[in-house]
Amino acid sequence: MKLIKQSLPLLLAVVLAGCITAPAGPAGPQGATGDTGATGNTGNTGNTGNTGNTGRAGSTGATGGTGATGDTGATGYTGATGDAGATGNTGATGNTGATGNTGNTGNTGAKGNTGAKGSSPSTVVIVPAQ
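Please read all numbers here as calculations on a predicted model, not as lab measurements. (Residues numbered from 1 in each chain as written. Predicted model: local features only at pLDDT ≥ 70, side-chain atom pairs only at ≥ 80, totals over all residues. Heavy atoms only, no water.)

Novice: What should I look at first to understand the overall build of the protein in this one?
Specialist: A tally of helices and strands in the protein yields one helix and zero strands. Across the 130 residues of the protein, 0% fall into the buried class. Carbon and sulfur atoms make up 53% of the accessible area of the protein, which totals about 14,000 Å². (Helix = DSSP H or I, 4+ residues; strand = E, 2+ residues; numbered from the N terminus. Buried < 20%, exposed > 50% of the residue type's maximum accessible area, 1.4 Å probe, protein only. Areas by Shrake-Rupley, 256 points an atom, 1.4 Å probe, with all protein chains shown as cover.)

Structure representation (structure tokens):
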């Protein structure tokens, strides 16, 4: 324990020294950049695989046969033709109506007398027919 008591002031001095810092000095010169390493070799390109074979084409199926054509049915008989009907009689021609009588011709009126020849001016009298 005696050792701990003696080292305590030293430990306290170290802790306090960490809290108190002095300003940093100027930066030192920058170091030289190292050389770039050599580029490695590019690997070889792998081989391309072989192309597979194309399969064989299948065979075409057989074409089916055509069915037989059916027979044509028999043609039916034509019915008998009927007799032509009798021709009707022509009707009698009607009589012509009687011609009417012509009316009597009227009598011509009597001729008037000529006036007596007198001196001018004379009057002419017309007598109607009776």
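Novice: Can you walk me through the environment of T108 in this structure?
Specialist: Along the chain, T108 turns up in the segment after α1 (2-19). Classification of T108 as exposed rests on a relative accessible area of 76%. Separated by 22 residues in sequence, T108 and Q130 place their C-alpha atoms 10.0 Å apart.

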